[in-house]
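Read off the chains here:
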Amino acid sequence: MGTLGGAGLAAAVAAGWARTLGMEGERRASQAPSSGLPAGGANGESPGGGAPFPGSSGSSALLQAEVLDLDEDEDDLEVFSKDASLMDMNSFSPMMPTSPLSMINQIKFEDEPDLKDLFITVDEPESHVTTIETFITYRIITKTSRGEFDSSEFEVRRRYQDFLWLKGKLEEAHPTLIIPPLPEKFIVKGMVERFNDDFIETRRKALHKFLNRIADHPTLTFNEDFKIFLTAQAWELSSHKKQGPGLLSRMGQTVRAVASSMRGVKNRPEEFMEMNNFIELFSQKINLIDKISQRIYKEEREYFDEMKEYGPIHILWSASEEDLVDTLKDVASCIDRCCKATEKRMSGLSEALLPVVHEYVLYSEMLMGVMKRRDQIQAELDSKVEVLTYKKADTDLCLATWESFLTSQTNLHLEEASEDKP
């Protein structure tokens, strides 16, 4: 595949299939007179339109195993099923290529580059100490070929609060989309210290993943606030933040959201009821798994720290026991191997299990937030529909009263006109 380009390989595959199908059709056509059926017979015919396969009968004759000699180990690309009927093969199915071109369209070339036009890197954390606070900023390098950007490369520095602002703006602009989660602002007590190198590196990786997930999202990647976050300098971003709604407006939005949540949703669709129940149950279970995993890791760490002290103790002990030198040294060597195995297991937990489980926890919280915002939108809609219904009823009552008044006045004029006649 490396020697052929995408177009050349596509043409080669198409030509190969065309030759295969043509040869099969000619062979079937040449066998048609001996079978007593015309080419393209109705019952048990082959894809080439010739005579039936040996041993086939009826409209649903099964394809024989020897017709397609497929390797059982190579099951990543299934063209035909060995037990598929011929009638099923002739019928249209989206899973089966009906032409060489459609078959080529289903093949993904691994050596083709992804059409990605936005690349983001988060690196070089830097500590800042002021008279008020101490915080960390991260360098963000953005490379892009999009036309809406003024340049092809940008470099800015952002602190964690800026990421929180971006996440809030994305949730505000797209309340029903699942926004990628951010790492928590506060760390678990006793696990790591703030501004510890390991903690800063872990957060840097999480922030890098957060921005790249937004960049890969088909909708969020074109958000205007996201573009400003990536391109604006610190003072420009601060000025843009002040252009948002004022304090009173935000308080009003908060009050309306609380009122909607207190009022609740009257008629939530059944599918959202099931979805909400599933998310709540999943959140409970994944939080429990996360707590258990953290506890296991903590106990493994304590066990490892304690076991590391036993090896040197046995080495010192062997110096004072001539008869037990070899035995004590073997015990020390065994303890050393146990320490290495435990450290390897802890490394696997901290790198492969704990971050993944905790990310599920964060995503479950994001899903619950999306469902809550959806309920708020529906509650506002129900409230507006209710107000509209009341207004419509008042309008109908006014119209009915007005029509009744007009009818009574018309009848009164008619009666007066009839009395005035001689």
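Cut-offs and rules
Residues numbered from 1 in each chain as written. Predicted model: local features only at pLDDT ≥ 70, side-chain atom pairs only at ≥ 80, totals over all residues. Heavy atoms only, no water. Helix = DSSP H or I, 4+ residues; strand = E, 2+ residues; numbered from the N terminus. Polar contact = N/O pair within 3.5 Å; in protein donor to acceptor, adjacent residues only side chain to side chain. Phe/Tyr/Trp six-rings, centres within 6.5 Å; stacked < 30°, edge-to-face > 60°. Buried < 20%, exposed > 50% of the residue type's maximum accessible area, 1.4 Å probe, protein only. Lys NZ or Arg CZ within 6 Å of the ring centre and 35° of its normal. pLDDT = per-residue confidence, 0-100. Contact = heavy atoms within 4.5 Å.

Chemist: I tried to follow the side chain of Asn223 on my own but got confused; where do I start?
Modeler: Along the chain, the position of Asn223 falls in the loop between helix H5 (197–216) and helix H6 (224–231). A distance of 2.8 Å separates a polar atom in the side chain of Asn223 from the backbone nitrogen of Asp225. A polar contact is formed between the side chain of Asn223 and the backbone nitrogen of Phe226, at a distance of 3.2 Å.

Chemist: Explanation requested: the packing of aromatic side chains in the structure shown.
Modeler: A ring pair, where both rings are aromatic, is described by two values, the distance of the centres and the angle of the planes. Applying the stated criterion to the full structure yields 6 aromatic pairs. Seen from their ring centres, Phe278 and Phe282 are 6.4 Å apart, and the 15° between their planes marks the pair as stacked. One end of the pair is Phe278 and the other is Phe282, both in helix H9 (residues 270–307) and 4 residues apart, which spans about a single turn. For Phe282, a relative accessible area of 28% puts it in the partly exposed group. An aromatic cluster of at least three residues, connected via ring pairs, comprises Phe163, Phe210 and Phe229. Here the guanidinium or amino end of Arg374 rests over the ring plane of Phe272, the centre of that ring lying 4.0 Å away.

Chemist: Please clarify how the confidence of the model for the chain should be interpreted in this entry.
Modeler: Reading predicted coordinates in detail is not appropriate for stretches of low pLDDT. On average, residues of the chain score 74 in pLDDT, and 65% of them reach the 70 mark or higher. Confidence drops under a pLDDT of 50 for residues 1–7, and excluding neighbours within four residues, the segment shows 8 contacts in the predicted structure. For residues 29–113, every residue scores under 50 in pLDDT, and the model assigns this stretch 90 contacts once sequence neighbours within four places are set aside.

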